[in-house]
Amino acid sequence: MKTVIIGAGQAGRRTAELLRGLDATREILLIGDEEELPYDRPPLSKEILLGEVHPKGLMQRGVEVYNAERIALRLGARVAGVDLGTARVEMNTGERIAYDSLVIATGGRARMLPLPGAADPRVRTLRTIADARALQAILRPALRLVIVGAGLIGLEVAAAATALGCAVTVLEVSGRVMARCAPAEIGALIASWHQGAGVTMHMNCRLEAIAPDKECLRLSTSMGEMNADLVLVAIGAIPNTELAEEAGLATDDGILVDECGRTSEEQVYAAGEVARIRQPTGHHVRFETWQVAQYQPSAVAHAICGADKRYLELPWHWTNQYGRNVQMLGAQGEDLEWLTREEGERLTSLGVDAYGRVRGAVLIDNGRDATPVRRIIGAEQVIDRDALLDPKRPIRQLC
Amino acid sequence: MAWYDVAREDSFEEDVPKVVQVGEDRVAVFRLEDGFYAISDICTHEYALLSDGFCEDGKVECPLHQACFDIRTGKALDEPAEIDVDVFPTRVADGVVQVDIG
């Protein structure tokens, strides 16, 4: 039996390792288009920019680990296509590789602004370790850095660049920071950290044109003109579904899979960020998180071995900015009422629905509440409001 | 052997660790139902203080990524942590909990 995994990022690595753990004998081939050994991406927008060469959070194993696990690696290799009929992967060299099961773990790529001038080398995105190292080499005191997009990546880069002495401006087309992933009050708190550190924050501001000049980039925005030495475009990611689409798999902004990672084709699976995963409610959701790349491959590896292990984790992600750790669990919508418990600098904010059930939470420097909060959300119990708001009552006692 | 005082035995609550710092070593000391246990306070995955983590049933979770460690043995119980944390001997002398940070 042979499993071929396309995509050697975190999800590809995890699928390979977990599959090896379940099946000692099958052949496993991991194909990646980067030259780098597989790595996790969280440090790219933080530690790498601050000059750490090999932060532990990369989880980058040496080639000897893959050898010991008998996971064959093809790095710097491009897949041209997948032929589902003959169960073969075709490399861009023309080589054809047969599989018994196939995992597509192609992740995503950074979205670019459709503007003339965006092709200038001083307009960057951040997705790979090569992007991060290139950015790290440029960031220096007084560099005028304009970041387009106040999501997680944009804000983490803003925090790192500020620490390095850059003059940072953040442009956000919506009215607030982290609009997709955190409630408004938390967004406002995080924005205040940036303002306190000297970052210029422009909300409701659209970048309309980039005119590359010899000395700098001249930017036209809906709030006026500004000059930049460097522009980082951090406006989200696009899932790499092209191979799956061309092969004929069902896709819809992601490869459609069930809770176990199975695509519309037998013996073909999708892992990590590229997967749009069926939920118990019946609709499909795609997650752009470390969590999905870390844990959903367990479902895929089990499915390949014929076992059902559904991926049903409560959505969870985090950001680190200015030495603060922010974790977001479950729903983060504006339809919830947010009740906040503060203990000094630590904070836990709970999103409560109209029936009084906790649906989501934000923890600031308060990771010890993560597991109790997960249990409270999972229990779907109505919890007394005064108890939720009383920081003297440990959250673990509320469930 | 170098025994350091942590705190009085009766000042410990179960599942709420106390921390001692000796040079570069930062050690978290826990009271469990069968005695006192000491482990390195730093998660082996990324920098985080285990004493800030959730503690239950003899296990402590890293507050950043919820990797779990066995407080009695230091064993890393799940991903993303893969390396065990150091453990240190403890004793109680005249009602004071002490840890050996050698």
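None of the values given here were measured: they were computed from a predicted structure. (Residues numbered from 1 in each chain as written. Chains lettered and ligands numbered in written order. Predicted model: local features only at pLDDT ≥ 70, side-chain atom pairs only at ≥ 80, totals over all residues. Heavy atoms only, no water.)

1. So, the state of the cysteines
Put simply, the test is: In what follows, a disulfide is any cysteine sulfur pair within 2.5 Å.
Enumeration according to the criterion identifies 0 disulfides over all chains in this entry. For the unlinked cysteine C181 of chain A, the closest cysteine sulfur is that of C205 of chain A, found at 20 Å. No disulfide involves C68 of chain B; its sulfur sits 9.4 Å from the nearest other cysteine sulfur, which is in C55 of chain B.

2. Quick word on the layout of surface pockets
As a reminder, the rule being used: A 1.4 Å probe that fits but cannot get out identifies a cavity on a 1 Å grid over protein atoms alone, an open set with protein on both sides within 12 Å along at least five of seven lines counts as a pocket, and a residue lines either if it has an atom within 4 Å of a point. Grid points are joined across faces, edges and corners, and a volume is the space filled by probe spheres set on the points. What counts as a helix is a DSSP run of H or I of at least four residues, what counts as a strand is a run of E of at least two, and both are numbered from the N terminus. Residue classes follow a fixed rule: Ala, Val, Leu, Ile, Met, Phe, Trp, Tyr, Cys and Pro count as nonpolar, while Asp, Glu, Lys and Arg count as charged, and any other residue, Gly among them, counts as polar.
Empty space within the second largest pocket amounts to approximately 650 Å³. Lining the second largest pocket are 30 residues, and of these N320, G323 and R324 of chain A together with Y47 and L64 of chain B lie nearest its centre. Of all the secondary structure elements, the ones that give two or more residues to the lining of the second largest pocket are α4 (152–163), β22 (316–321) and β23 (324–330) of chain A. Considering each element in turn, the lining of the second largest pocket owes the most residues, 4 residues, to α4 of chain A. Residues belonging to the lining of the second largest pocket are distributed by class as follows: 11 nonpolar, 9 polar and 10 charged.

3. Some remarks on the interface of chain A and chain B
So the rule is basically this: In this analysis, two residues are considered to be in contact whenever any of their non-hydrogen atoms come within 4.5 Å of each other. When a carboxyl oxygen of Asp or Glu lies within 4 Å of a side-chain nitrogen of Lys or Arg, that pair is called a salt bridge.
Every contact between the two is made by 22 residues of chain A and, on the other side, 19 residues of chain B. Counting across the interface, chain A meets chain B through 7 salt bridges. Between E56 of chain B and R375 of chain A there is a salt bridge, with its nearest N and O atoms 2.7 Å apart. Sorting elements by how many residues they give to the side of chain A that touches chain B places helix α8 (residues 370–379) of chain A first, with 5 residues.

4. What about helix α5 (residues 184–196) of chain A?
Residue and element names in this part refer to chain A. Counted only if it meets this: One less than the residue count of a helix, multiplied by 1.5 Å, gives the span that helix is expected to have. Burial classes follow relative accessibility: with a 1.4 Å probe on protein chains only, a residue under 20% of its type's maximum area counts as buried, one over 50% as exposed, and anything between as partly exposed. Directions from the helix axis toward the C-beta atoms define the arc.
Across its 13 residues, α5 extends 18 Å between first and last C-alpha, which sits within 8% of the 18 Å expected from 1.5 Å per residue. Along α5, the residues classified as buried are I186, G187, I190, A191, W193 and H194. Looking straight down α5, one finds its buried side chains confined to an arc of 150°; they lie on one side. Just past α5, the residue G198 takes up positive phi, approximately 100°.

5. Quick look at the sheet that holds strand β18 (residues 255–257) of chain A
All names here are of chain A. Under the convention used in this document: Here, a strand pair is defined by DSSP locating no fewer than two bridges between the strands. Every angle, taken between N-to-C directions, lies between 0 and 180 degrees, and every axis is a line fitted to C-alpha atoms, over only the stretch in contact when it is a helix.
One open sheet accounts for 3 strands, arranged β18-β20-β21; its pairing is mixed. Where the open sheet ends on each side, the last strands, each with one partner, are β18 and β21 (284–286). Going from strand to strand, the sheet's axes swing by 30° on average, the running direction of each strand aside. Of the pairings in the sheet, the one linking strand β20 (residues 275–278) to β21 comprises 3 bridges and is antiparallel in character. From the neighbouring strand, R278 faces β21, where its bridge partner is H284.

6. Some details on the nonpolar core
Residue and element names in this part refer to chain A. Keep this limit in mind: Take the buried Ala, Val, Leu, Ile, Met, Phe, Trp, Tyr and Cys residues and link them wherever side-chain atoms come within 4.5 Å; each set so joined is a nonpolar core.
Ranked by size, the top nonpolar core spans 43 residues in total, and within it L139, L145, V168 and M178 carry the most contacts. For this core, the secondary-structure elements that each account for two or more residues are α3 (129–138), β10 (144–148), α4, β11 (167–171), α5, β16 (230–233), β23 and β26 (358–364). With 6 residues, the top contributor of residues to this core is α4. Residue contacts for L145: discarding those within four places in its chain leaves L139, V157, A161, A167, V168, T169, L230 and L232. Counting 28 residues, the second largest nonpolar core, distinct from the first, contains A77, V82, I255 and F287.

7. Quick look at the packing of helix α1 (residues 10–22) of chain A against helix α7 (residues 290–304) of chain A
All names here are of chain A. Heads up, the condition is: Take the far helix as the reference: if the near one is turned anticlockwise from it by less than a right angle, the crossing is left-handed, and if turned clockwise, right-handed.
At a closest axis distance of 8 Å, the pairing of α1 and α7 adopts a crossing angle of 35°. Relative to α7, α1 is oriented so that their crossing is right-handed. Contacts from Q10, A11, R13, R14, T15, L18, L19 and L22 in α1 reach W290, A293, Q294, Y295, P297, S298, V300, A301, H302 and I304 in α7. The residue inventory of the contact of α1 with α7, partitioned by class, reads 11 nonpolar, 5 polar and 2 charged.

8. Thoughts on the sheet that holds strand β1 (residues 2–6) of chain A
Within a beta sheet, neighbouring strands are joined by backbone hydrogen bonds and run either parallel or antiparallel to one another. All names here are of chain A. Strand order across the open sheet formed by 5 strands is β3-β2-β1-β7-β19, with parallel pairing between neighbours. With partners counted over all chains shown, the strands left at the sheet margins are β3 (71–74) and β19 (268–270), one partner each. Averaged over all pairs of adjacent strands, the angle between strand axes in this sheet comes to 20°, irrespective of strand direction. Looking at chain direction, strand β2 (residues 27–31) and β3 are connected through 4 bridges and run parallel. Directly across from I31, in β3, lies its bridge partner R74. On the sheet, α1 packs against β1, β2, β3 and β7 (101–104) and is oriented at approximately 170° with respect to β2. Along the sheet, α7 contacts β1, β7 and β19; its crossing angle with β19, the most-contacted strand, is approximately 170°.

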